Each structure stands twice: as structure tokens, then as C-alpha cells.
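Listed here are the chains, written in short residue letters.
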Amino acid sequence: MAEMTGSTPAGETAEKDAGEGHHHGVAFADAFRVWLRVAALSFGGPAGQIAVMHRIVVDEKRWIGEHRFLHALNYCMLLPGPEAQQLAIYIGWLMHRTLGGLVAGILFVLPGFLSILGLSYIYAAYGNVGIVAGLFFGLKAAVLAVVVQAVIRIGGRALKNRVMVGIAAAAFIAIFFLHVPFPLIVLAAGIAGFLGGRLGLAAFQAGGGHKAGSGPVLSDAESALGEGIPAHARPNLAWSLRMSAVLLALWIVPVAALYLAFGPGNVLTEIGLFFSKMAVVTFGGAYAVLAYVAQQAVQHFGWLKPGEMLDGLGMAETTPGPLIMVVQFVGFMGAYRDPGALNPMLAATLAAMLTTWVTFVPCFLWIFLGAPFIEKLRGNVALAGAMSAITAAVVGVILNLAIWFGLHTLFAEVASVSLGGLRLDIPVLQSAVPAAMALSAAAAIAIFRFKTSVITTLLACAISGMLWTLAVG
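Residues numbered from 1 in each chain as written. Predicted model: local features only at pLDDT ≥ 70, side-chain atom pairs only at ≥ 80, totals over all residues. Heavy atoms only, no water.

## Observations regarding the side chain of Glu 317
Following the sequence through the fold, Glu 317 ends up in helix H12 (residues 308–317). Among buried Asp, Glu, Lys and Arg side chains, Glu 317 stands out as unpaired, with Arg 153 the closest opposite charge at 7.6 Å. In contact with Glu 317, other than residues within four places in its own chain, are Val 146, Tyr 287, Leu 323, Val 454, Ile 455 and Leu 458. (Helix = DSSP H or I, 4+ residues; strand = E, 2+ residues; numbered from the N terminus. Buried < 20%, exposed > 50% of the residue type's maximum accessible area, 1.4 Å probe, protein only. Lys, Arg positive; Asp, Glu negative; His and termini not counted. Salt bridge = Lys/Arg side-chain N within 4 Å of Asp/Glu carboxyl O. Contact = heavy atoms within 4.5 Å.)

## Overview of the packing of aromatic side chains
All chains considered together, the criterion is met by 19 aromatic pairs. Relative to Phe 332, the ring of Tyr 121 lies with its centre 5.6 Å away and its plane at 70°, an arrangement referred to as edge-to-face. Residue Tyr 121 is located in helix H5 (residues 83–126), and its partner Phe 332 is located in helix H13 (residues 326–337); the two are separated by 211 residues in the primary sequence. What makes Tyr 121 partly exposed here is its relative accessible area of 30%. On the basis of relative accessibility, which here comes to 0%, the residue Phe 332 falls in the buried class. Ring centres of Trp 239 and Phe 368 lie 5.9 Å apart, and the angle between their planes is 80°; this geometry places the pair in the edge-to-face category. (Phe/Tyr/Trp six-rings, centres within 6.5 Å; stacked < 30°, edge-to-face > 60°.)

## With respect to the environment of Ala 432
Here Ala 432 shows up in the loop between strand S2 (422–427) and helix H17 (434–449). Ala 432 sits 20 residues away from Ala 412 along the chain, and the two C-alpha atoms are 6.3 Å apart. Apart from residues no more than four positions distant in its own chain, Ala 432 is found in contact with Leu 410, Phe 411 and Met 437.

## Quick notes on the packing of helix H10 (residues 267–281) against H13
Pairs of packed helices are described in terms of their axes, by the angle between the two and the distance that separates them. Taken N-terminus to C-terminus, the directions of H10 and H13 make an angle of 160°; their axes are 10 Å apart at the nearest point. Looking at the two axes, H10 sits roughly antiparallel to H13. Pair H10 / H13 crosses with right-handed handedness. Side by side, H10 and H13 meet where Val 267, Ile 271 and Phe 275 of the first sit next to Val 327, Val 330, Gly 331, Gly 334 and Ala 335 of the second. Split into classes, the residues belonging to the contact of H10 with H13 amount to six nonpolar, two polar and no charged. (Axes fitted to C-alpha atoms, helices over the stretch in contact; angles between N-to-C directions. Parallel < 35°, antiparallel > 145°, perpendicular 65-115°, else oblique. Left-handed = near helix turned anticlockwise from the far one by under 90°. Nonpolar A, V, L, I, M, F, W, Y, C, P; charged D, E, K, R; others polar.)

## Side note on the confidence of the model for the protein
Any residue range with low pLDDT should be treated as having predicted coordinates unsuitable for detailed reading. For the protein, mean pLDDT is 84; residues scoring 70 or higher make up 89% of the total. No element of the protein has a lower mean pLDDT than helix H1 (residues 9–18), which averages 37, and none a higher one than H13, which averages 96. For the stretch residues 1–22, pLDDT sits under 50, and the model shows 44 contacts to residues farther than four places along the chain or on other chains. Every residue in residues 207–214 scores below 50 in pLDDT, and together they form 17 contacts with partners more than four places removed in sequence or on other chains. (pLDDT = per-residue confidence, 0-100.)

## Looking at the environment of Leu 346
Here Leu 346 shows up in helix H14 (residues 344–370). Overall, Leu 346 belongs to the partly exposed group, its relative accessible area being 42%. A sequence separation of 14 residues divides Leu 346 from Phe 332, and the C-alpha atoms of the two residues are 9.6 Å apart.

## Description of the nonpolar core
Among the nonpolar cores identified, the biggest contains 151 residues, and Trp 35, Trp 63, Ile 64, Ile 91, Phe 275, Tyr 287 and Met 309 are the most heavily contacted of them. With 19 residues, H5 is the largest single contributor of residues to this core. (Core = buried A, V, L, I, M, F, W, Y, C linked by side-chain atoms within 4.5 Å.)

## Comments concerning helix H8 (residues 182–198)
Side chains of residues three or four places apart in an α-helix project in the same direction, reflecting 3.6 residues per turn. Given a rise of 1.5 Å per residue, 17 residues ought to cover 24 Å, and the 24 Å separating the end C-alpha atoms of H8 matches this to within 8%. Buried residues of H8: Phe 182, Pro 183, Ile 185, Val 186, Ala 189, Gly 190, Gly 193, Gly 196 and Gly 197, and no others. Down the axis of H8, the buried side of the element spans an arc of 160°, and every buried residue falls inside it. Close packing links the buried residues of H8 with helix H7 (162–176), H10, helix H11 (286–300) and helix H16 (381–410). The first or second residue beyond H8 is Gly 200, which carries a positive phi of 80°. (Expected span 1.5 Å × (residues − 1). Arc of directions from axis to C-beta.)

## Some remarks on a nonpolar patch on the surface
A grouping of Leu 184, Leu 187, Ile 191, Phe 194 and Leu 195 is seen on the molecular surface, where their side chains present a nonpolar patch of about 460 Å² in accessible area. Examined against the element boundaries, Leu 187 turns out to sit in helix H8. (Patch = residues over 30% accessible without salt bridge, like charges linked within 9 Å, V, L, I, M, F, W, Y side chains within 5 Å. Areas by Shrake-Rupley, 256 points an atom, 1.4 Å probe, with all protein chains shown as cover.)

Now the structure itself:
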């Protein structure tokens, strides 16, 4: 974009004003308060979070222009991890350098972390008490409808041609019937999309993404930052490598220390290693990896019972912050049930902190490493093709997640059946839970027919679940 080059005299002035002196006129203390507000309103998944950020940062505060906002968002969508949080890091860094990025990113996560930690304490201590069990019973039934909505929403955006439909179908078959690990599905789809984009195949140029808000468009020149590139935002390999080394150490050293101190079989070591791997492959949002996380947490590590993943997702859906915060609950429960020599609540708290740390520290790494070089990534057809294919594969993965959740929500018992080389989970029909079916149906009608918000639907189902539990108990 011309406004990003600073090729005109006005552009050169804007570059200087937005550079070393930060003459955009936004004090750091004011920005801190704005990021607190963004964090407090970050409900509704990535689409809602990005819309809130756009409304506050672009429309209301006029910090940056529409084009710069979308440019940053497109880069964040290429990265593993929650794009809304990474967008906050990017804009915070653009406005107030490294400290601005750190503050924006940390504040975006902090309310959700504290909320889910509090709910996890209640769940672990009182989860079997009637009214609390009823609350999570209702949330679980509603979340099933929310996941189905995610399949339809992402599918409508990503499956623009037969090739993308085929990739989605292949991903579903691979994970549902063949139990191929999610990271391999992402890798295969990314390679296929990269090659397709590199070869210029039209099917891999469909792309997808979020749209900007409607209404008048704020140009970069009219924004507080101006249309130039701040001095600190220009490519600087030495700075990027230094920051990356620090962040990589902050990410890897605690996990390595746990491995050396307690060995590979310790629950904290397992949590650190597993969620570090997840941080590298979380393309396509939280829903994309939840099936794989649930499969590993339930069947391999034994951290959770089948229905508890839905309870955690219900927490994440009803609290501010990225939906991927659900992994904090997984780590919490894993250590609570296998605390070793520690007090169970202490072990669980440490595990929640560790899970959050290894999930979100990499987000800062990706931004600080790559943000100064995003101009080189803009318009790269091979990367766009890889993103299109990964997004299509995510649709198949989320469909698997919806079926998995449905089986464990609507039926009390699920049997595993082997057919040749395939292994299928089949519901035991006699174990059907009518109340769960009724609540899930009501949630689906509210969301799809009456366009009720997710938060309202979840809260209504939670209250209904508590009332039902009290009635039958």
C-alpha cells in the first residue's frame, strides 16, 4: 500500500512523527486503560474480539487506519495461536514499542486466566454438588450447538470450491476414522496449499478471513499514527533475533527445567511438553485443536473424563479472552488428579499457570520476530494458499469435534468398535440423556432460528441445567 511506504514528503513527516518520539499523541497510560477495556470486553470468540478491537482502536480512538488494521490482522491469521490476542500485541507494539506489545498481549489474556482459574477451583471442589453440576450440565449441552455453529460459519467462509471441500473431507476422514494426529493434518494441508499457491492454481487463491466493520473507513493518513512506518517498526534483524532469543528462552527453559528436575513422566513435564507442541500447530482457532487435545487428555494422559472437555469449553465461552484458554482448565484438572507430592490445589494452580505460559509466550515470539517484516509477506500467494488449505482442513477437524462432543453429551455411554483398521465410537442408545438432548435442541433453535447471542444462550442453558438438577434431585 502506498500509504505504508512513506515515499512522499508527507509520508516522511508521518514516519518521523510516528517514530522515535511517538508523537501520535497517545500516552502510554491512556493506552494501558484502553487495553484494559478491550480485555474486559473480549467475549464472543475471535470474530467478536476483533470487532471490539476495531470499534475501539480504529473507530473510536482513531489510533490506526483501516488498511493498517487489516494488514496486521492478515499477518496474525497466518500464525499459529489466537489471532485476536496477536493482533492486540501487534497494535500495542506499533503504538508503544516492545512494552506496548507486552502490555496489550498480557492484559488480553489476564481476565480470562483469572476467571477460568476461579471457575476451575469451584469445579474441582464442588463439581459434584447438585447445583454446580447442573450449571455445567447446561453449559455442556449449549456448547454443542455453539460448535455446530462454528462448523457452519467457518465452512461457509473456507469451502469456496470442490478442492477445499475435498481437503475438509480428507481431514475429517483422517481424524475421525483413522485417528491421524491433528499436527500431521495441519502439516499436510499446509504443504498442499503452499504448493497449490506456488503453482498458481485458482482453487488455492480463495482464501478467507475476517472483514472490517461497516461504515466510514478511517484512512491511515487520518489516524493518530499517520500513514508512515514508525522507526521501530522498520525491519531490524538484530532486534528481532534478540527479542526472539529472549522469548524462546522464556518459553523453553521452564519446560526443560521441569524435564530435568522431575523426568518425562511427571504431570507438569507432560503438560509443558504437550501444550508447547500445541502452541506451534494451533492454526484455525481453538475449535480446530480441541478434538486432538480432548483425545490426548482423555485417552492418552487421563487428565480429564470425556464430558469434562465440554465443561472447560463452557468456561472459556462465558469468560473474556481467547477460547484457547480452555487448555488452562485441562492442565489444571490433569495436575489436580495427579499432584504427586504437592497439595492437589497447589499442583493444579501451578499447572494452570504453566499451561497458560507455554500457550501464550509463543504468541509474543511470532509477533516480535515477524512483524517488522510483514511487508515481505503481503501478497505472497504461496502462503495464502497454505492458509486457505489449512482453514479448509480445520472445517473437517471441527466437524469431528462436534460429533465427538455430541456423543459424549447426548449419551452417558459410548462404545468403541473396530472395523478392520478403523476404530469408531458408537453411542449406546439405551444411555441417551433426554434432558441434554432437549437443552441442545433449544440452544440450536436460539442460535440458528432466533440469532440469540452465544453468551445469552450459554447463560440461559446454564440456568436451565441448574433448575433441572434441582427438580430431579
